[in-house]
Amino acid sequence: MKRFFYPLFLLILLNYSGVFAQGEMPDHIKEKITYPVFDFHPWVGVMPVSNGALPYDSTLDYKVALTLYGKVKDSTAIHPVILEVARTYNLNIANGVPADKIQIVAVIHGGLVQAILSEDEYQKKISNYQS
């Protein structure tokens with residue numbers, strides 16, 4: 001029975017894994033989500049909670065390092081991984097952290113570097129590959 005269950009579970013999981021990644025946001029979430037600072041994309045919103053597990057501590061400076069990587073599939077869209085920077089900022093603001101107490105650094109590597117290049121830098125990179 002286990003031999004049948006695990007492959008079936010994996011198949012179902014893989015089939016539905018893309019549904020919530022960056023697809024349509026469910027209505028029951030849309031009506032509750034807030035955008036404390038950034039609201040340029042639906043997935044940078046946050047869900048307010050009361051009595052969170054890690055309440056704001058005024059004695060701390062919040063320093064966050066995010067490592068971002070991936071491949072650029074659509075150069076005209078904001079890469080989903082980059083949305084994590086805005087969402088992290090929104091989460092901290094929603095938790096009561098003042099803007100001057102937050103420092104966020106995004107370490108971008110791998111194929112995702114192409115998502116942050118200016119047009120001039122992108123053309124230089126392309127010309128280096130062509131020569």
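Residue positions are given per chain, counting from 1 as you read along its sequence in written order. pLDDT decides what is reported in this predicted model: residues at 70 or higher carry local features, side-chain atom pairs at 80 or more are listed and counted, and totals for whole chains, interfaces and linings draw on all residues regardless. Neither water nor hydrogens contribute to the side-chain values; these are computed over all heavy atoms in the structure.

## Considering the packing of aromatic side chains
- Two rings belonging to Phe, Tyr or Trp (six-membered ring only in the last case) form a pair when the distance between their centres is within 6.5 Å. Interplanar angles under 30 degrees mark stacking, angles over 60 mark edge-to-face geometry, and anything in between is tilted. The tally for this structure, following the rule as stated, stands at three aromatic pairs.
- Pairing Phe38 with Tyr89 gives two aromatic rings, centres 5.4 Å apart and planes at 55°, and the pair type is tilted. Within this pair, whereas Phe38 is found in the loop between α2 (27-30) and β1 (62-69), its partner Tyr89 is found in helix α3 (residues 83-94), the two being separated by 51 residues in sequence.
- What links up through ring pairs into an aromatic cluster is the set Phe38, Phe40 and Tyr89. Secondary structure counts use DSSP, requiring at least four H or I residues in a row for a helix and at least two E residues in a row for a strand, with both numbered from the N terminus.

## Notes on the environment of His79
- Take His79: it is sitting in the loop between β1 and α3.
- Separated by 36 residues in sequence, His79 and Ala115 place their C-alpha atoms 7.2 Å apart.

## Some words on the side chain of Asn92
- Assignment of secondary structure puts Asn92 in helix α3.
- Here a residue-residue contact requires only that any non-hydrogen atoms of the pair lie within 4.5 Å. Those residues in contact with Asn92 that lie beyond four places of it in its chain are Tyr62, Val97 and Ile102.

Don't take any of this as a statement about function, it's just geometry.
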